[in-house]
Amino acid sequence: MYKAPRGTSDILPEDSEYWKYVTDKAIAVGQLYNYQPLETPVFEDAQLFTRSTAEGTDIVDKEMYVFTDRGGQNLTLKAEGTAPTCRAYLEHGMFNLPQPVKLYYITSFFRYERPQAGRYRQHHQCGFEAIGDADPLLDAEVIDLSQHFLRSLGITEFSIRLNSIGCRQCQPNYIKTLREYYSQQEAALCADCQVRLLKNPLRLLDCKKKDCKQIADVAPKITDYLCSDCQAHFERVQHYLTTLEIPFTLNHRLVRGLDYYSRTVFELETLNEKSQSALGGGGRYDNLVEQLGGRPTPAVGFATGIERLILNIQQTGISIPARSAPVAFIAHLGDAAKLAAIKLSSRLRAAGIPVVLATGTKSLRAQLRQANSFSTSYTIIIGEQELSTENVVLRDMKAQKQTLVTQANIAEILLQKQSH
Ligand code: HAM
């Protein structure tokens, strides 16, 4: 027996209502904040990610699904959505449009991770990117959008963690200080952190291991090393969030797992789940478009993991709209009645009435049982007698009452009942 590859899963019909619930709300939020949909290919040039996300990050070093296609091109299944969005922005000349260009995507991503609850090798995100504007107002608006999205889903138990990681001017100075601090603690660091010290010191602050966490807690804070522009930007973001009455907590250890960020970084963390607590995250990436070959173009964005949202919705018992059952089941008795039933099903569907048509030659009792299993409100029964009089029996399944109605009127009657 074949199984879905490790870390992937089928989205079954019983899950689909949750998916629809989340994606419908994402589209609604996109509309509310004036973001336009964008869909990029499932695979991209591998360099797009190595250049943007950078070596020294888990994604590039260990997690990308890289392959060479039959034409010898080095490709990868997309690992995240920000770099492809910037690629599309550049490729389609969106820098000529009024800025900022606001785009959203709902799509799957691929990372070779160690699978566990809330962490998969194929996962899905709703992401929002605003490209072409440096105003700190936009950072606050993206954070506002992110919290609005979660609240629109009924998720209220989360916190917003906020930090600034500076820019190309001030970050190197901080990294030098951080390196000096960590060099004195090297022996106490975990094996991963010893590599991070060489390759990507900012990520030292993010280590989840207990000893490393203690060292990170008292490490020099990046916010003490920001240049005056970054400092002013960070203060404005906080001021706007306060104006919007959005609560947040400053966390100097928040650095994010991707390397393209500058200035504002933030994460939305659930208060219910300990292991995979990040429901979403984002920040500013003012250098990314330039890194990919464009002019210097400031940008800010956010993405949230759909599987994690759904886990949260299910664990906290948020009720979502139930899938509506088909309106009627069409039962038939005999060959001639079966033909009439086929025609009727087509007529009802053309009128927009969802129906289930019985198959085979089962007894009426068996067909009624089947209708029950579909939870239809009505069963339409066509037997020899009804055929000859051009009628059908309309059975109300809940009330267990039957009436005789003409075939010509049945669509109108069902539409009327549906609207009540
Ligand atoms: P990220 O933090 O890597 O950011 O992913 C965003 C969200 O996707 C996470 O907070 C988490 O909810 C979900 N997620 C990530 N990896 C997995 C996984 N393996 N299994 C399940 N869920 C996962 C980004 O990808 C950035 N592109 C976000 C962004 C947009 N920054 C600026 N704009």
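Quick notes on the rules
Throughout, residues of each chain are indexed from 1 in the direction in which the sequence is written. Note on the predicted model: pLDDT of at least 70 is required for a residue's local features to be given, and 80 or more for side-chain atom pairs to be given and counted; whole-chain, interface and lining totals, by contrast, use all residues. Side-chain measures were taken over the full set of non-hydrogen atoms in the model, leaving aside hydrogen atoms and water. Here a strand is any run of E in DSSP of at least two residues, a helix any run of H or I of at least four, and the numbering for each starts at the N terminus. To sort residues, take the accessible area from a 1.4 Å probe on protein chains only and compare it with the maximum for the residue type: under 20% means buried, over 50% means exposed, and anything in between is partly exposed. Two residues form a contact once any of their heavy atoms are found within 4.5 Å. Computed with the Shrake-Rupley method and a 1.4 Å probe, the accessible areas treat only the protein chains shown as cover for residues. Neither His nor the chain termini are counted; the positive set is Lys and Arg, and the negative set is Asp and Glu. Where a charge sits is defined by one atom per residue type, namely NZ (Lys), CZ (Arg), CG (Asp) or CD (Glu). Bear in mind that the domain bounds are from an automatic or database domain assignment. To pair, rings of Phe, Tyr and Trp, with the six-membered ring standing in for Trp, must have centres within 6.5 Å; the planes then decide the type, stacked if under 30 degrees apart, edge-to-face if over 60, and tilted in the middle. In this scheme, the term charge over a ring applies when either NZ of a lysine or CZ of an arginine sits within 6 Å of the ring centre and within 35 degrees of the ring normal. Put simply, the grid is 1 Å and covers the protein atoms alone, a cavity is a trapped set of points that fit a 1.4 Å probe, a pocket is an open set with protein on both sides within 12 Å along at least five of seven lines, and lining residues have an atom within 4 Å of a point. Grid points are joined across faces, edges and corners, and a volume is the space filled by probe spheres set on the points. Throughout, the ten residues Ala, Val, Leu, Ile, Met, Phe, Trp, Tyr, Cys and Pro are labelled nonpolar, Asp, Glu, Lys and Arg are labelled charged, and all others, Gly among them, are labelled polar. In these notes, a set of buried Ala, Val, Leu, Ile, Met, Phe, Trp, Tyr and Cys residues joined through side-chain atoms within 4.5 Å is what counts as a nonpolar core. The criterion for a residue being near a molecule or strand is simple. One of its heavy atoms has to lie within 4 Å of it. Definition of a polar contact: a pair of N or O atoms within 3.5 Å, with one able to donate and the other able to accept a hydrogen when the atoms are protein atoms, and with sequence-neighbouring residues admitted only if both atoms are side-chain atoms. When DSSP locates at least two bridges between a pair of strands, those strands are taken to pair. To obtain each axis, a line is fitted to C-alpha atoms, and for helices this fit is confined to the stretch in contact; angles are then taken between N-to-C directions over 0 to 180 degrees. Here the arc refers to the directions that run from the helix axis out to each C-beta atom. Think of a patch as exposed residues, more than 30% relative accessible area, with no salt bridge, where like charges cluster within 9 Å and nonpolar side chains (Val, Leu, Ile, Met, Phe, Trp, Tyr) cluster within 5 Å. A pairing counts as a salt bridge when a side-chain nitrogen of Lys or Arg comes within 4 Å of a carboxyl oxygen of Asp or Glu.

Novice: Honestly, the overall build of the protein chain in this entry has me stumped. Any pointers?
Specialist: Assigned secondary structure in the protein chain consists of 15 helices and 16 strands. In terms of overall dimensions, the protein chain has a C-alpha envelope of 95 × 50 × 45 Å along the principal axes. For the protein chain, the proportion of its 420 residues judged to be buried stands at 50%. Look at the contacts in the protein chain between residues 6 or more apart in sequence, and 69% of them connect residues 24 or more apart. Approximately 21,300 Å² of the protein chain is accessible, and the part contributed by carbon and sulfur atoms is 50%. Averaging the positions of the 47 positive and the 46 negative side-chain charges in the protein chain gives two centres separated by 6 Å.

Novice: Can you walk me through the domain arrangement of the protein chain in this structure?
Specialist: Frequently, the measure chosen for interface size is the accessible area removed from exposure when the parts meet. When cut into domains, the protein chain gives domain 1 (13-168 + 226-315) and domain 2 (328-413). Here the C-alpha centre of domain 2 lies 50 Å away from the C-alpha centre of domain 1.

Novice: How should I be thinking about the packing of aromatic side chains in this particular structure?
Specialist: Here the distance between the centres and the angle between the planes together describe a pair of aromatic rings. Under the definition given, this model contains 14 aromatic pairs. Between Tyr89 and Phe95 the ring centres are 6.2 Å apart and the planes differ by 70°, which places this aromatic pair in the edge-to-face class. Taken together, a centroid distance of 6.4 Å and an interplanar angle of 20° make the contact between Phe128 and Phe302 stacked. Here the residue Phe128 occupies a position in strand β6 (residues 122-131), and Phe302 occupies one in strand β11 (residues 299-305), the gap between them amounting to 174 residues. Here Phe128 and Phe302 have matching classes, each one buried. Each residue in the set Tyr35, Tyr104, Phe128, Phe149, Phe266 and Phe302 is aromatic and connected to the rest through ring pairs, giving one cluster. The ring of Tyr112 is capped by Arg121, whose NZ or CZ atom sits 3.9 Å from the centre of that ring.

Novice: Looking at this structure, I do not really get the layout of surface pockets. What am I missing?
Specialist: Once rolled over the atoms, a probe with the size of a water molecule shows which space is left empty. Of the pockets and cavities examined, the second largest pocket occupies roughly 370 Å³. In terms of lining, the second largest pocket is formed by 24 residues, of which the most central are Gln171, Leu202, Asp259, Tyr260 and Tyr261. Sorting the residues of the lining of the second largest pocket by element identifies α2 (46-52) and α6 (171-183) as the ones contributing at least two each. The greatest single-element share of the lining of the second largest pocket, amounting to 3 residues, is contributed by α6. For the lining of the second largest pocket, the per-class residue count stands at 11 nonpolar, 7 polar and 6 charged.

Novice: Help me understand the environment of Leu339, please; the structure alone is not making it clear to me.
Specialist: With respect to the helices and strands, Leu339 occurs in helix α12 (residues 335-350). Sequence separation of Leu339 and Gly166 is 173 residues, and the distance between their C-alpha atoms is 73 Å.

Novice: What is the right way to look at the nonpolar core in this model?
Specialist: The nonpolar side chains of a soluble globular protein tend to be buried with one another. Grouped together as the largest cluster of nonpolar side chains are 87 residues, with contacts concentrated most on Val22, Phe128, Phe149, Ile155, Tyr182, Leu202 and Leu205. If you tally residues by element for this core, the top one is helix α5 (residues 136-152), at 7 residues. With sequence-adjacent residues up to four places away left out, Leu205 is seen in contact with Tyr174, Leu178, Tyr182, Ala216, Ala219, His252, Arg253 and Val255. Ala340, Ile353, Leu394 and Leu414 belong to the second-largest nonpolar core, a separate cluster that totals 19 residues.

Novice: Any chance you could explain the site of the ligand here in plain terms?
Specialist: In the vicinity of the ligand, 26 residues are found, and the nearest of them are Glu80, Glu113, Tyr120, Glu129 and Tyr261. Tyr120 places a main-chain nitrogen or oxygen 2.9 Å from a nitrogen atom of the ligand. Between an oxygen atom of the ligand and a main-chain N or O atom of Leu279, the distance comes to 3.1 Å. Summarising the interface, the protein chains cover 96% of the accessible area of the ligand, which totals 660 Å² for the free molecule. At the level of elements, β6, β10 (278-284) and β11 are the ones that each hand at least two residues to the shell around the ligand. With 5 residues, the single largest contributor to the shell around the ligand is β10. Here the residues of the shell around the ligand sort into 10 nonpolar, 9 polar and 7 charged.

Novice: I keep staring at the sheet that holds strand β4 (residues 74-77) and nothing clicks. Help me out?
Specialist: Sheets are built from strands that pair by backbone hydrogen bonding, the pairs being arranged parallel or antiparallel. Taken in spatial order, the 3 strands of this open sheet run β2-β4-β3, and their pairing is antiparallel. Here the strands that pair on one side only, and so sit at the sheet edges, are β2 (43-45) and β3 (66-68). Going across the sheet, the axis of each strand differs from the next one's by a mean of 40°, ignoring polarity. Strand direction decides the pairing type here: β2 and β4, joined by 3 bridges, are antiparallel.

Novice: Would you mind going over helix α15 (residues 410-419) with me for this structure?
Specialist: Looking only at α15, the buried set comprises Ile410, Ala411 and Leu414. When α15 is viewed along its axis, its buried side chains cluster within an angular range of 100° and face the same direction. Away from its buried face, by an angle of more than 90 degrees, α15 presents the exposed residues Glu412 and Ser419. Contacts from the buried residues of α15 go to β12 (328-332), α12, β14 (378-382), β15 (391-396) and β16 (401-406).

Novice: Can you walk me through empty space enclosed by the protein in this structure?
Specialist: Counted by the stated rule, this structure contains 2 cavities of 30 Å³ or more. A volume near 30 Å³ is recorded for the second largest cavity. Around the second largest cavity sit Leu38, Thr40, Lys78, Gly81, Pro84, Thr85, Tyr105, Thr107 and Phe109, which together line it.

Novice: So what exactly am I meant to see when it comes to the side chain of Arg284 here?
Specialist: Mapped onto the elements of the fold, Arg284 is located in strand β10. Arg284 sits in the buried class, given a relative accessible area of 0%. A distance of 3.1 Å separates a polar side-chain atom of Arg284 from the backbone oxygen of Asp133. Among the polar contacts listed, one links the side chain of Arg284 to the side chain of Asp286, at a separation of 2.8 Å.

Novice: Can you walk me through a nonpolar patch on the surface in this structure?
Specialist: Where nonpolar side chains cluster on the molecular surface, the patch consists of Val42, Phe43 and Phe67 and spans about 260 Å² of accessible area. For Phe43, the location among the structural elements is in strand β2. Phe43 sits in the partly exposed class, given a relative accessible area of 45%.

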